[in-house]
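# Summary of structural features
Here is what each chain is made of, one letter per residue.
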Amino acid sequence: MAKIFDLDLDELRSWIEDRPQIIRDLCDRLPPDRLYRIKSSGKRCTIHSYSEDGTITVTVQAMYNDLPITYGVFGLRPEDLEECDLPAE
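Summary of the structure given here. (Residues numbered from 1 in each chain as written. Predicted model: local features only at pLDDT ≥ 70, side-chain atom pairs only at ≥ 80, totals over all residues. Heavy atoms only, no water.)

## A short note on the environment of Ile38
Just so we agree on the cut-off: Helix and strand labels come from DSSP, where a helix needs a run of H or I of at least four residues and a strand needs a run of E of at least two; each type is numbered from the N terminus. Only heavy atoms matter for contacts: two residues are in contact if any of them lie within 4.5 Å across the pair.
For Ile38, the position within the fold is in strand S1 (residues 36-38). Dropping the residues within four chain positions of it, Ile38 is found in contact with Lys43, Cys45, Val58, Val60, Leu76, Asp80 and Leu81.

## Quick word on unusual backbone geometry
Filter applied, for reference: Each residue is placed in one exposure class: buried if its accessible area under a 1.4 Å probe, protein chains only, is under 20% of its type's maximum, exposed if it is over 50%, and partly exposed if it falls in between.
In this structure, Asp66 is a non-glycine residue whose phi angle is positive, near 55 degrees. Examined against the element boundaries, Asp66 turns out to sit in the loop between helix H3 (62-65) and strand S4 (71-76). You can call Asp66 exposed: its relative accessible area is 76%.

## Details of the pairing of strand S3 (residues 56-60)
Applicable threshold: A pair of strands counts as paired when DSSP detects no fewer than two bridges linking them.
Counted residue by residue, S3 has five buried out of five residues, so it is predominantly covered. Because side chains alternate across S3, one face comprises the buried residues Ile56, Val58 and Val60, and the other comprises Thr57 and Thr59, equally buried. With four bridges joining them, strand S2 (residues 44-50) and S3 adopt antiparallel strand pairing. Directly across from Thr46, in S3, lies its bridge partner Thr59. What sits between S2 and S3 in their antiparallel hairpin is a turn of five residues, with Gly54 showing a positive phi close to 90 degrees. The pairing of S3 with S4 spans four bridges and is antiparallel. Considered in S4, the bridge of Thr59 is made with Gly72.

## Details of the packing of helix H1 (residues 9-16) against helix H2 (residues 21-29)
Geometry of a packed helix pair, given as the angle between the helix axes and the separation of the axes. For the record, the criterion: Axis geometry follows a simple rule: fit a line to the C-alpha atoms, using only the stretch in contact for helices, then measure angles between N-to-C directions, giving values from 0 to 180 degrees. Throughout, the term roughly parallel applies to angles under 35 degrees, roughly antiparallel to angles over 145, roughly perpendicular to angles from 65 to 115, and oblique to all others. Each residue is assigned to one class: nonpolar for Ala, Val, Leu, Ile, Met, Phe, Trp, Tyr, Cys and Pro, charged for Asp, Glu, Lys and Arg, and polar for all the others, Gly among them.
Two elements in contact, H1 and H2, have axes whose closest approach is 10 Å; the angle formed by their N-to-C orientations is 155 degrees. Between H1 and H2, the angle is such that the two are roughly antiparallel. Along its contact with H1, which presents Leu12, Trp15 and Ile16, the element H2 presents Ile23, Arg24, Cys27 and Asp28. The residue makeup of the contact of H1 with H2, split by class, is five nonpolar, no polar and two charged.

## Considerations on the sheet that holds S1
Spatially, five strands are ordered S4-S3-S2-S1-S5 in an open sheet, and the strand pairing comes out antiparallel. What marks the edges here is a single partner per strand, and that holds for S4 and strand S5 (81-83). Between one strand and the next, the sheet's axes are offset by a mean angle of 45 degrees, whatever the strand orientation. As defined by bridge partners, S1 adjoins S2 across two bridges and the pair is classed as antiparallel.

Structure, rendered in structure tokens:
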């Protein structure tokens, strides 16, 4: 599984402590420092934001998918994401 950046855990804890429980749960389940695959499309993505309705907004990165553009997808259920590895070069 790919960690795409180093996360300052103290900073994350500080940010998360004032958030609603649903946001804390989503962040624990799907940390923002990982690369994920959208199961339904196979596209690799990064977490953009967590929503209080229990869904997630992601950024489908061109560089991780051999795509001409980067774009966002909102309203994804956490069950539709799985951690994945970096693409082969």
